[in-house]
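Architecture at a glance
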Amino acid sequence: MKFKKEEINEKSSPKEFSSWGDIVLLTQIVAAKIKTSNKKYDIILGITNGGIIPARLMAQELDIDHIQFIPVRNKKLHIEEMPQLTTDKKYLVVDEIYDTGQTFSKVKRVIQDFDCDHAFLMRRFNDTNGKESDNGITFIGKILNHDKWVVFPWELKTLP
């Protein structure tokens, strides 16, 4: 069964369950790519809710002790709760998955005036892995080759 990107959802799509081991491994893969690039960051910005745990793991891998969160709940960015960003800092924005790009687009509009790169544990398709773009560099742990709904270990899950 083939889904269009906008049709991929929790109810209609087959599911793929990620383990904690998968998450640790993907974090290590992304961190290794960042280390190889010789990029250094002052602050990690985790996109809530899915990016909270990857942000913490990434901070540990990269030895960064400053984490802030970009408040996204129910697919809505809460600009009034955004941390105060400054132009003299380098930020790494972390999320668990780049799926449709809707969350990323909302966040990008708010942080576009700051020095930010992006890291995702997973991405549904590949077009910027480790490449410079207008939005900084994007680091990806794994490119998905399916249209399954990904269930992360910190999410409530039901039997498939």
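Just so we're clear, the structure is a prediction, and the values are computed from it rather than from any experiment. (Residues numbered from 1 in each chain as written. Predicted model: local features only at pLDDT ≥ 70, side-chain atom pairs only at ≥ 80, totals over all residues. Heavy atoms only, no water.)

**Describing helix α3 (residues 102–111)**
Within the sequence span of α3, burial applies to F104, V107 and I111. Down the axis of α3, the buried side of the element spans an arc of 70°, and every buried residue falls inside it. Tucked into the core, α3 has its buried residues touching β2 (43–47), β3 (67–70), β4 (72–73), β5 (76–77), β6 (90–98) and β7 (115–123). (Buried < 20%, exposed > 50% of the residue type's maximum accessible area, 1.4 Å probe, protein only. Helix = DSSP H or I, 4+ residues; strand = E, 2+ residues; numbered from the N terminus. Arc of directions from axis to C-beta. Contact = heavy atoms within 4.5 Å.)

**So, the pattern of salt bridges**
Under the counting rule described, the total for this entry stands at 6 salt bridges. Across the salt bridge formed by K39 and D117, the nearest N and O atoms sit 3.3 Å from each other. On the criterion of sequence distance, the pair formed by K39 in the loop between α1 (20–37) and β2 and D117 in strand β7 is long-range, its members being 78 residues apart. Note on D117: relative accessible area 1%, which makes it buried. Where E81 meets R73, a salt bridge forms, and the shortest distance between an N and an O atom there is 2.9 Å. Residue class for E81 comes out partly exposed when judged on its relative accessible area of 40%. What makes R73 partly exposed here is its relative accessible area of 33%. (Salt bridge = Lys/Arg side-chain N within 4 Å of Asp/Glu carboxyl O.)

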